[in-house]
Every structure is written in structure tokens, then in C-alpha cells.
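Structural overview
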Amino acid sequence: RHTDTRTHTHTHNIEQHQPTRFPLILLLDNIRSAFNVGSLFRTADAAGCTEILTTGITPHAGGSGTEKLSKSALGAERTVPSRHFGTLQDALLYLQTERPEYSVMAMETTERSEVYTDVEYPRAGCVL
């Protein structure tokens, strides 16, 4: 049981403290689990990702699954910029027009997959 009765005051001006962002965007396409999405928000926050894009049925901040997402994200959904798109095609169009410096890379386990540590990555990338 918490017995510390001292008052703790922290002054924090968000406008003065902008985190350094790593040039990486996560694109989450039709992920059903709000808890998995929340975990990805926490990871993106820790890694300093530029943005998270969600599409389709993927739970997103301010939309479907917000309550479960918030429980799992532990506040990261408020610190990592995000956008939701109805379709993957809409998200790819956004990347092409608004973020042309980002190369899109898909991650999937297939017979043709390469070990991720053996791949040479672009300076700015979007992982699908």
C-alpha cells in the first residue's frame, strides 16, 4: 500500500522537449489485436519511430479498440504520432505523396525471406 504523502511536482514543457525521432514508420495493416497494437506503440515510442500508420480493422487511437489499445500502450499512443487509413492503398498513397523519402519494406516469413540483419536498409524506411 502506498504511504508516501509527499507531493511530487514535475514541470514538463512538451513544446521545449521534442524527442528525437528515428526515420522509421510502422505500417500496421489489418492487425486484429488491440493488445498487439498497443505493444507496437510502446516499442515505437522506445525506439523513437517517426510515426505509426494503421489501416483497415487495426485498432487505432481515437477509433475502434481505443480502450484496449490504451491499456496496452500505456500512454505511448499519445506520444507517437499516428494516422489511420481505411485501406492499405490509401496509406501507401500517403507515403508516396507526403513522405516520398521513405522506402516501404515488407516483413514476412516466407521461403524467400532474408535474415533481417543481412539486409542493407535505406536511410528512411516504412516497415509493413
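Bear in mind that the values here come from a model prediction, so they are computed numbers and not experimental data. (Residues numbered from 1 in each chain as written. Predicted model: local features only at pLDDT ≥ 70, side-chain atom pairs only at ≥ 80, totals over all residues. Heavy atoms only, no water.)

**Looking at the sheet that holds strand E5 (residues 125-127)**
Taken together, the 5 strands give an open sheet; going across it, the order is E3-E2-E1-E5-E4, and neighbouring strands pair in parallel fashion. Sheet topology places strand E3 (82-85) and strand E4 (103-105) at the edges, where each strand pairs with a single neighbour. Put simply, the sheet's adjacent strands are angled 20° from each other on average, direction ignored. (Pairing = 2+ DSSP bridges. Helix = DSSP H or I, 4+ residues; strand = E, 2+ residues; numbered from the N terminus. Axes fitted to C-alpha atoms, helices over the stretch in contact; angles between N-to-C directions.)

**Here we look at a nonpolar patch on the surface**
Taken together, the side chains of Met107, Val115, Tyr116 and Tyr121 make up a nonpolar region of the molecular surface, amounting to roughly 460 Å² of accessible area. Take Tyr116: it is sitting in the loop between E4 and E5. Looking at Tyr116, the relative accessible area reads 56%, which means it is exposed. (Patch = residues over 30% accessible without salt bridge, like charges linked within 9 Å, V, L, I, M, F, W, Y side chains within 5 Å. Areas by Shrake-Rupley, 256 points an atom, 1.4 Å probe, with all protein chains shown as cover. Salt bridge = Lys/Arg side-chain N within 4 Å of Asp/Glu carboxyl O. Buried < 20%, exposed > 50% of the residue type's maximum accessible area, 1.4 Å probe, protein only.)

**Details of the layout of surface pockets**
Considering only enclosed or pocket space, the largest pocket measures out at about 470 Å³ in volume. Considering the residues around the largest pocket, the lining is formed by 20 residues, among which Met105, Ala106, Met107, Tyr116 and Tyr121 are closest to the centre. Sorting the residues of the lining of the largest pocket by element identifies strand E1 (22-29) and E5 as the ones contributing at least two each. Ranked by the residues each element gives to the lining of the largest pocket, the list is headed by E1, at 4 residues. Tallied by class, the residues present in the lining of the largest pocket amount to 13 nonpolar, 3 polar and 4 charged. (1 Å grid on protein atoms, 1.4 Å probe; cavity = no way out; pocket = protein on both sides within 12 Å on 5 of 7 lines; lining within 4 Å. Points joined across faces, edges and corners; volume = space filled by probe spheres on them. Nonpolar A, V, L, I, M, F, W, Y, C, P; charged D, E, K, R; others polar.)

**Let's talk about the nonpolar core**
Grouped together as the largest cluster of nonpolar side chains are 14 residues, with contacts concentrated most on Leu26, Phe41, Ala44 and Ile52. Looking at this core, the elements with two or more residues in it are E1, helix H1 (34-47), strand E2 (49-55) and helix H2 (66-73). Sequence-distant contacts of Ile52, defined by excluding residues within four places in its chain, comprise Leu26, Leu28, Leu40, Phe41, Ala44, Val80, Pro81, Ser82 and Arg83. With 11 residues, the next largest nonpolar core counts Leu53, Leu88, Leu95 and Cys126 among its residues. (Core = buried A, V, L, I, M, F, W, Y, C linked by side-chain atoms within 4.5 Å. Contact = heavy atoms within 4.5 Å.)

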